[in-house]
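Topology and contacts: notes
Spelled out, the chains give:
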Amino acid sequence: MQEIIQVDAFTKTPFCGNPAAVCLMKNAADDTWMQQVALEMNLSETAFLYPDRDGYNLRWFTPGAEVQLCGHATLASAHVLFEDGHVRPDAEIEFYTKFSGTLKVKRDGQRLLMDFPVLRLSETAIPAGFGEATGLDAVAAAETQGKGKLVVEVSSADALRRATPDFAYFGKLDYWGVCLTACAGDGHDFISRYFAPRIRINEDPATGSAQCALIDYWSKKLNKSEFHTLQASQRGGEFHLKLENDRCLIGGDAVITMRGQLII
């Protein structure tokens, strides 16, 4: 039997933040099996990892597809390794990934600190029909290379919190995910919400990879390198960000909520 652990990431409070399943294996698994497990778990992400070299091989699957980068499931994986004694408390974990190179996670006081690549943005046009589909006033738009993510700044943080956008609209855009963001004045530098219906995630509760693009956008706009940010989903997610050259350091908390056994 294979243990699988559910972790709420980017929160100190159970049943908040973003839930991820973590499957710590002895060796590599079949891609089809991993996709089926991710569909069965039906969470925004399931992480699969096994010991490799001096660290761990790591891959992430949504219910519908493998993804190239996932922050909350990486944080969840590191939390399991530390909490269950697989690594020393003072270790820096190296995760070897298929698409995003080597990712590093270590303890930073009570939080975990992830070392991720910055996702550089290029200015682009605001998509046609955005206002009608979201009820929001767009200020500017930018996209990552290869149109992986679209970032749209809107004029009001309060309106962004209250918005009930048309998920189908986002699914028709030529992006894996759409991140809406606004400058905030409530103790956070900015807030965001993230939508990815193309990979069966209408709204993601807390998205670490989106912060890698948002830090590029807001560091230029606000002329600063450190941020405390909120993903304003129903569950909510808290991030502490620092820009260091081409790296985005993401600090966050996590809590284990469930443990189970896969019998297939």
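In this text the structure is predicted, and so the values were computed from the model without any measurement.

**Overview of the overall build of the chain**
Helix and strand counts for the chain stand at six helices and 18 strands. What you see for the chain is a C-alpha radius of gyration of 18 Å, in line with the 18 Å of a compact globule of 264 residues. With respect to the three principal axes, the spread of C-alpha positions in the chain is 50 × 35 × 30 Å. Classification of the 264 residues of the chain by burial places 56% in the buried group. For the chain, restricting intrachain contacts to residue pairs at least 6 apart in sequence, the fraction spanning at least 24 positions comes to 62%. Accessible surface, the chain as shown: approximately 12000 Å² in total, 46% of it carbon and sulfur. Charge-centre separation for the chain: the mean point of 26 positive side chains lies 1 Å from the mean point of 34 negative side chains.

**Thoughts on the nonpolar core**
Counting residues in hydrophobic clusters, the biggest one holds 56 residues, and the most contacted among them are Phe10, Trp60, Ile93, Phe95, Leu241 and Ile250. Listed in part, the 23 residues of the second largest apolar core include Ala163, Leu173, Ala182 and Ala232.

**Looking at the environment of serine 44**
Looking at the element boundaries, serine 44 is found in the loop between α1 (31–41) and β3 (45–52). Remark: the alpha-carbon pair of serine 44 and glutamate 203, spanning 159 residues in sequence, is separated by 9.1 Å. With residues up to four places along the chain from it excluded, the contact list for serine 44 reads Asn18, Pro19, Phe61, Thr62, Pro63, His72, Ile201 and Asp204. Polar side-chain contacts of serine 44 include one of 3.1 Å to the side chain of asparagine 18. Of the polar contacts made by the side chain of serine 44, one reaches the side chain of histidine 72; its length is 3.4 Å.

**A look at the state of the cysteines**
For the structure shown, the criterion picks out zero disulfides. Residue cysteine 70 stays outside any disulfide, its sulfur separated by 11 Å from that of cysteine 212, the closest cysteine. Considering cysteine sulfurs only, cysteine 212 is the nearest to cysteine 248, which forms no disulfide, with 4.4 Å between them.

**Focus: the environment of alanine 232**
Structurally, the position occupied by alanine 232 is in the loop between β15 (226–231) and β16 (237–244). Of the residues examined, alanine 232 reaches a relative accessible area of 12% and is grouped as buried. Put simply, alanine 232 and proline 205 are 27 residues apart on the chain and 7.9 Å apart in space, counted from C-alpha to C-alpha. In this structure alanine 232 touches Arg161, Ile191, Ser192 and Arg193, once residues within four positions along its chain are discounted.

**Observations regarding the layout of surface pockets**
Space inside the largest pocket adds up to approximately 600 Å³. If you trace the largest pocket, you find 28 residues lining it, with Gln68, Leu69, Gly148, Lys149 and Trp176 closest to the centre. Those elements giving two or more residues to the lining of the largest pocket turn out to be β5 (66–67), α2 (71–83), β13 (190–196), β14 (201–204) and α6 (208–222). The residue inventory of the lining of the largest pocket, partitioned by class, reads 11 nonpolar, 12 polar and five charged.

**What to know about the pattern of salt bridges**
Opposite charge on two side chains lets them pair, provided their charged atoms get close. Tallying each qualifying case throughout the model produces 19 salt bridges. Between glutamate 153 and lysine 221 there is a salt bridge, and its shortest N-O distance comes to 2.6 Å. Residue glutamate 153 is found in strand β11 (residues 149–154), and its partner lysine 221 is found in helix α6; the two are separated by 68 residues along the sequence. Note on glutamate 153: relative accessible area 6%, which makes it buried. The shortest N-O distance in the salt bridge between arginine 161 and aspartate 186 comes to 2.2 Å. Of this pair, arginine 161 sits in helix α4 (residues 157–162) while aspartate 186 sits in the loop between β12 (177–183) and β13, placing them 25 residues apart in sequence. Since its relative accessible area comes to 35%, arginine 161 is described here as partly exposed.

**Some points on the packing of aromatic side chains**
A full pass over the atoms with the stated rule returns nine aromatic pairs. Taking the centre distance of 5.7 Å and the plane angle of 85° together, the rings of phenylalanine 48 and phenylalanine 61 count as edge-to-face. Taken together, the residues span a long stretch of sequence, with phenylalanine 48 in strand β3 and phenylalanine 61 in strand β4 (residues 55–61) at a distance of 13 residues. The class for phenylalanine 48 is buried, based on a relative accessible area of 1%. Residues phenylalanine 190 and tryptophan 218 carry aromatic rings whose centres are separated by 5.5 Å and whose planes lie at 10° to one another, so their mutual orientation is stacked. In this pair, phenylalanine 190 is assigned in strand β13 and tryptophan 218 in helix α6, connecting sequence segments 28 residues apart. For the residue pair phenylalanine 190 and tryptophan 218, the accessibility class agrees, reading buried in each case. Ring pairing ties together the aromatic residues Phe167, Tyr169, Phe170 and Phe195, which thus form one cluster. In this arrangement the basic side chain of arginine 53 is found over the ring face of tyrosine 96, its NZ or CZ atom lying 3.8 Å from the centre. In this structure, arginine 107 is placed above the aromatic ring of phenylalanine 82, and the distance from its NZ or CZ to the ring centre is 4.6 Å.

Here is what the cut-offs are and how they apply
- Residues numbered from 1 in each chain as written.
- Predicted model: local features only at pLDDT ≥ 70, side-chain atom pairs only at ≥ 80, totals over all residues.
- Heavy atoms only, no water.
- Helix = DSSP H or I, 4+ residues; strand = E, 2+ residues; numbered from the N terminus.
- Rg over C-alpha atoms; globule rule 2.2 N^0.38 Å.
- Buried < 20%, exposed > 50% of the residue type's maximum accessible area, 1.4 Å probe, protein only.
- Contact = heavy atoms within 4.5 Å.
- Areas by Shrake-Rupley, 256 points an atom, 1.4 Å probe, with all protein chains shown as cover.
- Lys, Arg positive; Asp, Glu negative; His and termini not counted.
- Charge placed at Lys NZ, Arg CZ, Asp CG, Glu CD.
- Core = buried A, V, L, I, M, F, W, Y, C linked by side-chain atoms within 4.5 Å.
- Polar contact = N/O pair within 3.5 Å; in protein donor to acceptor, adjacent residues only side chain to side chain.
- Disulfide = S-S within 2.5 Å.
- 1 Å grid on protein atoms, 1.4 Å probe; cavity = no way out; pocket = protein on both sides within 12 Å on 5 of 7 lines; lining within 4 Å.
- Points joined across faces, edges and corners; volume = space filled by probe spheres on them.
- Nonpolar A, V, L, I, M, F, W, Y, C, P; charged D, E, K, R; others polar.
- Salt bridge = Lys/Arg side-chain N within 4 Å of Asp/Glu carboxyl O.
- Phe/Tyr/Trp six-rings, centres within 6.5 Å; stacked < 30°, edge-to-face > 60°.
- Lys NZ or Arg CZ within 6 Å of the ring centre and 35° of its normal.

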